[in-house]
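# Results of the structural survey
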Amino acid sequence: MKNKYLFYILLYIVFHTQTIIAQDTLFVSWSPESGYLNSTIINDTEQHDVYVLEANKVYYQTNQLVVERDISIIGQYPVDDEHPATIQATSVDGNMNFTGWPQVNFELNGDGSVLKLQNLLLNGAASGGEFSLGGAVVARGTDEEIIIDRCILSNYNGLNISTLGSNTDIHFTNSVAKSSSSNQGQQFFGGLVWGGGAWMGTIDTLIIQNSSVLNMIGEAVVIYEEVKYGLIDQCTFANISLSTVWYRGQNNLTFKNNLIVNTRSHGQSVYDVNNWGVSIPGGNGVMSILTQNAPTGENQTYDHLNRNIHWHNNV
């Protein structure tokens, strides 16, 4: 008798769990309609947690999606000869409708909100070639989290991931960021992640792991002042016009087990001495740290005389 009751209890738990999963997940079948992905999420009265996209399909965005709650956008696994589910910008009658700066696919603007992107290809170049977006995601609120896992970020022309908010968490794992350019005449402005104080937002946790950053203008990672916890591990950085990590910040960062190929590859430019200051007297190594002043802002907590920066086992 006890076994019978146990069976029914387990059956109820399994059924109830499956029902919850089904309620929390919405399959977004592909539509050729531009803006369909955004409208589906915005008009979702049940506010599902997870949105699943079809592999081998391109979902076109006509403007950025403003995220004010926790959502995950996950692509189906592609099979042979299929490409990942793709999110790509497109124009409206030849015009760009993405607003603000940076112009991005996703804008977090809800305190404490989490955006997870997984198994996706994010293409920053407009489908008709009229423009490229500045980046994939920007955070603007407080205590927000950006999670990008098993994704490809390609063809952006600025800051792939950035924060203008406070205490942002950023995770970029098992992914590739490639073919990132900059605005016309800006040889050094761009990169995978920008933030960490100064005129940008602050970062609580930054993890970049098991990933590749390839063919990129600018610094791969810019930490202006500090992160509370930072780890860059098991990554490849190749063909970066400047450094893997900007030479002034890096406080509370561990950089280990990484491969660095052909960084600081820009050659010489008048901007080196006149505008950007990317070179310093005596030269600048593949990995460099410059001194920093004592913190002055209320959100700055690092000790400029004990900066907690660790580099290990890099090639």
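The structure we're discussing is the one just above.
About the cut-offs
- Residues numbered from 1 in each chain as written.
- Predicted model: local features only at pLDDT ≥ 70, side-chain atom pairs only at ≥ 80, totals over all residues.
- Heavy atoms only, no water.
- Helix = DSSP H or I, 4+ residues; strand = E, 2+ residues; numbered from the N terminus.
- Buried < 20%, exposed > 50% of the residue type's maximum accessible area, 1.4 Å probe, protein only.
- Contact = heavy atoms within 4.5 Å.
- Areas by Shrake-Rupley, 256 points an atom, 1.4 Å probe, with all protein chains shown as cover.
- Phe/Tyr/Trp six-rings, centres within 6.5 Å; stacked < 30°, edge-to-face > 60°.
- Pairing = 2+ DSSP bridges.
- Axes fitted to C-alpha atoms, helices over the stretch in contact; angles between N-to-C directions.
- Salt bridge = Lys/Arg side-chain N within 4 Å of Asp/Glu carboxyl O.

What follows is about the overall build of the protein. The helix and strand tally for the protein stands at three helices and 24 strands. When burial is assessed residue by residue, the protein has 50% of its 315 residues classed as buried. Considering only intrachain contacts with a sequence separation of at least 6, the fraction spanning at least 24 residues in the protein is 73%. Here the protein displays about 14,700 Å² of accessible surface, and carbon together with sulfur accounts for 50% of that area.

Turning our eyes to something else, we now look at the packing of aromatic side chains. As enumerated under the stated definition, the model contains ten aromatic pairs in all. Considering the side-chain rings of Trp101 and Trp199, the 6.0 Å spacing of their centres and the 35° angle between planes classify their relative orientation as tilted. One end of the pair, Trp101, is in the loop between strand S6 (85–89) and strand S7 (104–108); the other, Trp199, is in the loop between strand S16 (191–195) and strand S17 (203–209), and 98 residues separate them in sequence. Trp101 gets classed as partly exposed once you look at its relative accessible area, which sits at 40%. What links up through ring pairs into an aromatic cluster is the set Trp101, Phe189, Trp194, Trp199, Tyr224, Trp246 and Tyr247.

Moving on: the environment of Val50. Mapped onto the secondary structure, Val50 falls in strand S2 (residues 50–53). Placed 22 residues apart in sequence, Val50 and Val28 show a C-alpha to C-alpha distance of 9.9 Å.

Taking strand neighbours across the sheet as the criterion, the ten strands line up as S1-S2-S5-S8-S11-S14-S17-S20-S22-S24 in an open arrangement whose pairing is parallel. Because the sheet does not close on itself, it has two edges, and the strands there are strand S1 (25–28) and strand S24 (309–312). The sheet shows a mean angle of 10° between the axes of neighbouring strands, direction not considered. Strand direction decides the pairing type here: strand S14 (residues 168–173) and S17, joined by six bridges, are parallel. What sits directly across from His171, in S17, is Ile207.

A few words now on the pattern of salt bridges. Should the charged atoms of two oppositely charged side chains come close, the side chains can pair. Counted under the stated rule, the structure contains three salt bridges. Here Glu107 makes a salt bridge to Arg140, at a shortest N to O gap of 3.4 Å. Within this pair, whereas Glu107 is found in strand S7, its partner Arg140 is found in the loop between strand S10 (135–139) and strand S11 (145–149), the two being separated by 33 residues in sequence. Using a relative accessible area of 10% as the deciding quantity, one classes Glu107 as buried. Overall, the relative accessible area of 25% leaves Arg140 in the partly exposed class.

Geometric values such as these leave the question of function open.
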